[in-house]
Amino acid sequence: MLTNEAYRPINCDDYDNLELACTKRWTLELILKNGEALKAKATDMVSRKNVEYLSIDLSGETRELRLDHIASFSHPELGTVVVSEE
């Protein structure tokens with residue numbers, strides 16, 4: 001998804017929870033701000049041109065989600081996290 005909108009960094013605690021999910025390779029239930037719902041394995045955090053992304057494994061396909069496009073994510077060990085901007 002190409003977008004020219006300015007990137008808005010997310011809250012540090014939310015970022016840390018996503019990093020933990022990647023480290024533990026957790027499968028997250030993600031809700032995007034456009035209403036899309038995904039269930040995917042968190043694999044990596046990527047920063048490119050001052051924009052941060054969550055890399056996920058979605059049924060064997062790698063996809064990158066802009067962090068500021070994620071509305072919420074959840075995992076049984078984490079609960080539900082509503083993403084907020086800095």
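Residues numbered from 1 in each chain as written. Predicted model: local features only at pLDDT ≥ 70, side-chain atom pairs only at ≥ 80, totals over all residues. Heavy atoms only, no water.

An unreviewed UniProt entry lists the chain under the name Rho-binding antiterminator, with Pantoea piersonii given as the organism.

S.K.: Explain the packing of aromatic side chains residue by residue, including any values.
M.R.: By the definition in use, this model includes zero aromatic pairs. Here the guanidinium or amino end of Arg 48 rests over the ring plane of Tyr 53, the centre of that ring lying 5.4 Å away. (Phe/Tyr/Trp six-rings, centres within 6.5 Å; stacked < 30°, edge-to-face > 60°. Lys NZ or Arg CZ within 6 Å of the ring centre and 35° of its normal.)

S.K.: Help me get a handle on the state of the cysteines, residues and values and all.
M.R.: As enumerated under the stated definition, the model contains zero disulfides in all. Unpaired in terms of disulfides, Cys 12 finds its nearest cysteine sulfur in Cys 22, a separation of 16 Å. Overall, Cys 12 belongs to the exposed group, its relative accessible area being 51%. Residue Cys 22 is classed as buried on the basis of its relative accessible area of 7%. (Disulfide = S-S within 2.5 Å. Buried < 20%, exposed > 50% of the residue type's maximum accessible area, 1.4 Å probe, protein only.)

S.K.: If you had to explain the nonpolar core to someone new, which residues and values would you point to?
M.R.: In terms of nonpolar packing, the biggest core is built from 25 residues, with Leu 30, Leu 54 and Ile 70 touching the most fellow members. The residues touching Leu 30, leaving out its near neighbours within four places in the chain, are Glu 36, Ala 37, Leu 38, Leu 54, Ile 56, Leu 65, Ile 70, Ser 72 and Phe 73. (Core = buried A, V, L, I, M, F, W, Y, C linked by side-chain atoms within 4.5 Å. Contact = heavy atoms within 4.5 Å.)

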